[in-house]
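As a plain string of letters, each chain reads:
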Amino acid sequence: MDLPITDFHIHTNLSDGSSSVDEIIKFAKKHGFDMIGISDHFETVKTKSIKSKYLKNYIEGIRMISEKYDFPLKVGVEIDFSNRTDFENIDYNVLNQLDYALFEYVQDTVWDGKPFWELLEIYDRIDIPIGLAHNNIDKNFKDVDFENFLDTLETTGIFVEINTNPLYSMFSQQYYELSRPFFESIKGRNIAISIGSDMHFYLEDMLNVKKGILFIKELGLENNYLLFLKYFNKEK
């Protein structure tokens, strides 16, 4: 089965990346991408990020650029799920105008990430697809009731990202490879998976998503990947 080439984790010079939205779209079109998503950092002190008061301008500006190129581009953000983000300052009415949101460091104690149950506490305030970004799931969720965790992902529609950035690796293996038992366990379940390069500085890094596609094919997770893409054709 030929799968669409997508990348839903891309940073621009609007946060801590170096490329413009125009440059990213041109690269994606040239290299045969079917759809991409911009997900700049949002409301965190960890790095340069989009502030809540500018989020509406961010959304409208990116959509205006994508229309110019007639290219399927989705607008998202990456949220640092820790005390480095001021959640009291978030206007959820504006946040829900995005196409999706990635949450990084969920249940990741190394990065002082908040626990998964706290994400569930704000879930009802969010009307867009949300997902776990670059999460070493087999490590971070080893002490939870795993079947309950899988059931929760399935009932909430929270997706899981395959992040192909080599930064997120241990022992020469990337997090998604280390979390192979998790990904094997979701085959046949309605748990969606996305792919993201987490590109910041080098456009060529976007091509790494093809490794994620190979991983999906190897584990027979094509339906989980296509389920994620269907999110953009329906409401949460």
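Conventions and cut-offs
Throughout, a residue's number is its position along its own chain's written sequence, starting from 1. The model is predicted, so local features are restricted to residues of pLDDT at least 70 and side-chain atom pairs to those at 80 or more, both for listing and for counting; the totals for chains, interfaces and linings are taken over all residues. As a rule here, side-chain values cover all heavy atoms of the structure and leave hydrogens and water aside. Exposure is judged per residue with a 1.4 Å probe applied to protein chains only, and the accessible area is read against the type maximum: over 50% gives exposed, under 20% gives buried, and values in between give partly exposed. A run of DSSP states H or I qualifies as a helix once it reaches four residues; a run of E qualifies as a strand once it reaches two. Both are numbered from the N-terminal end. In this description, strands pair whenever DSSP reports at least two bridges between them. Here, the arc refers to the directions that run from the helix axis to the C-beta atoms. The criterion used for residue contact is that any of the two residues' heavy atoms lie within 4.5 Å. Here a polar contact is recorded for every N or O atom pair within 3.5 Å, except that within protein the pair must consist of a potential hydrogen donor and a potential acceptor, and residues adjacent in sequence are included only if both atoms are side-chain atoms. Axis definition: a line fitted to C-alpha atoms, over the contacting stretch in the case of helices. Angles run 0 to 180 degrees between N-to-C directions. Throughout, a crossing is termed right-handed when the near helix is turned clockwise from the far one, and left-handed when it is turned anticlockwise from it by less than a right angle. For this classification, the nonpolar set comprises Ala, Val, Leu, Ile, Met, Phe, Trp, Tyr, Cys and Pro, the charged set comprises Asp, Glu, Lys and Arg, and every other residue, Gly included, is treated as polar. For this document, the term salt bridge refers to a Lys or Arg side-chain nitrogen within 4 Å of an Asp or Glu carboxyl oxygen. To estimate the expected span of a helix, subtract one from its residue number and multiply by 1.5 Å. Only buried residues count toward a nonpolar core. Its members are Ala, Val, Leu, Ile, Met, Phe, Trp, Tyr and Cys residues joined through side-chain atoms within 4.5 Å.

Draft legend 1. Focus on the pairing of strand S9 (residues 193-196). Where burial is concerned, the two faces of S9 agree: the one with Ile193 and Ile195 and the one with Ser194 and Gly196 are both buried. The pairing of strand S6 (residues 159-163) with S9 spans four bridges and is classified as parallel. The residue bridging Ile162 from the neighbouring strand is Ile195, located in S9.

Draft legend 2. Representation of helix H6 (residues 146-156) within the structure. Every buried residue of H6 is listed here: Phe149, Leu150, Thr152, Leu153 and Thr156. Looking straight down H6, one finds its buried side chains confined to an arc of 160 degrees; they lie on one side. Contacts made by the buried residues of H6 are with helix H4 (116-123), strand S5 (130-133), helix H5 (137-140), S6 and helix H8 (180-185). Capping the start of H6, Asp145 holds a side-chain oxygen 3.3 Å from the backbone nitrogen of Glu147, two or three residues further along. Downstream of H6 by one or two residues, Gly157 has phi in the positive range, about 80 degrees.

Draft legend 3. Inspection of the packing of helix H1 (residues 21-30) against helix H2 (residues 55-69) at higher detail. The geometry of H1 relative to H2 is characterised by a closest axis approach of 10 Å and an angle of 40 degrees between their N-to-C directions. Helix-helix and strand crossings are classified by hand; for H1 and H2 the assignment is right-handed. Seen from H1, the contacting residues are Val21, Asp22, Ile25, Lys26 and Lys29; seen from H2, they are Ile62, Ile65, Ser66, Lys68 and Tyr69. In terms of residue class, the contact of H1 with H2 is made up of five nonpolar, one polar and four charged.

Draft legend 4. Geometry of the pattern of salt bridges. Under the definition given, this model contains 11 salt bridges. Lys114 is the salt-bridge partner of Glu118, the closest N and O atoms lying 3.7 Å from each other. Relative accessible area serves as the criterion here: at 23%, Glu118 is assigned to the partly exposed category. The closest approach of N and O atoms between Glu154 and Arg189, which form a salt bridge, is 3.0 Å. Of this pair, Glu154 sits in helix H6 while Arg189 sits in the loop between H8 and S9; the two residues are 35 residues apart in sequence, bridging distant segments of the chain.

Draft legend 5. Up close: H2. An ideal rise of 1.5 Å per residue puts 21 Å on 15 residues; H2 measures up with 22 Å between its terminal C-alpha atoms. The complete set of buried residues in H2 reads Leu55, Tyr58, Ile59, Ile62, Ser66 and Tyr69. Projected onto a plane normal to the axis of H2, the buried residues spread over an arc of 95 degrees and lie on a single side. Within H2, the exposed residues directed more than 90 degrees away from the buried face are Asn57, Met64, Glu67 and Lys68. Check the buried side of H2 and you find it contacts H1, strand S2 (35-42), strand S3 (73-80) and helix H3 (92-95). Following H2 by one or two positions, Asp70 has its phi on the positive side, about 50 degrees.

Draft legend 6. Main features of the nonpolar core. Counting 66 residues, the largest nonpolar core has Phe103 and Phe183 as the members making the most contacts within it. Phe183 has contacts with Val160, Glu161, Ile162, Tyr176, Ile193, Phe215, Leu219 and Leu221, leaving out every residue within four places of it along the chain. One finds Met35, Phe159, Ala192 and Phe228 within the second-largest nonpolar core, a separate group that totals 12 residues.

Draft legend 7. Representation of the environment of Ser194. Its location among the elements puts Ser194 in strand S9. Remark: the alpha-carbon pair of Ser194 and Lys68, spanning 126 residues in sequence, is separated by 26 Å. Those residues in contact with Ser194 that sit more than four places away from it in its chain are Phe159, Val160, Glu161, Ile162 and Phe228.

Draft legend 8. Spotlight on the side chain of Asn165. Among the structural elements, Asn165 can be located in the loop between S6 and strand S7 (169-170). Dropping the residues within four chain positions of it, Asn165 is found in contact with Gln174, Ser197 and Asp198.

Draft legend 9. Expanded view of the sheet that holds S6. Strand order in this open sheet of seven strands is S1-S2-S3-S4-S5-S6-S9, and the pairing throughout is parallel. This sheet does not close on itself; its edge strands, each paired only once, are strand S1 (6-10) and S9. Across the sheet, the axes of successive neighbouring strands diverge by a mean angle of 30 degrees, strand direction being ignored. Both S2 and S3 contribute to a ladder of seven bridges, which runs parallel. Counterpart to Gly37 in the pairing with S3 is Lys74. Contacts from helix H9 (residues 209-219) reach S1, S6 and S9 within the one sheet, and its direction differs from that of S9 by about 150 degrees.

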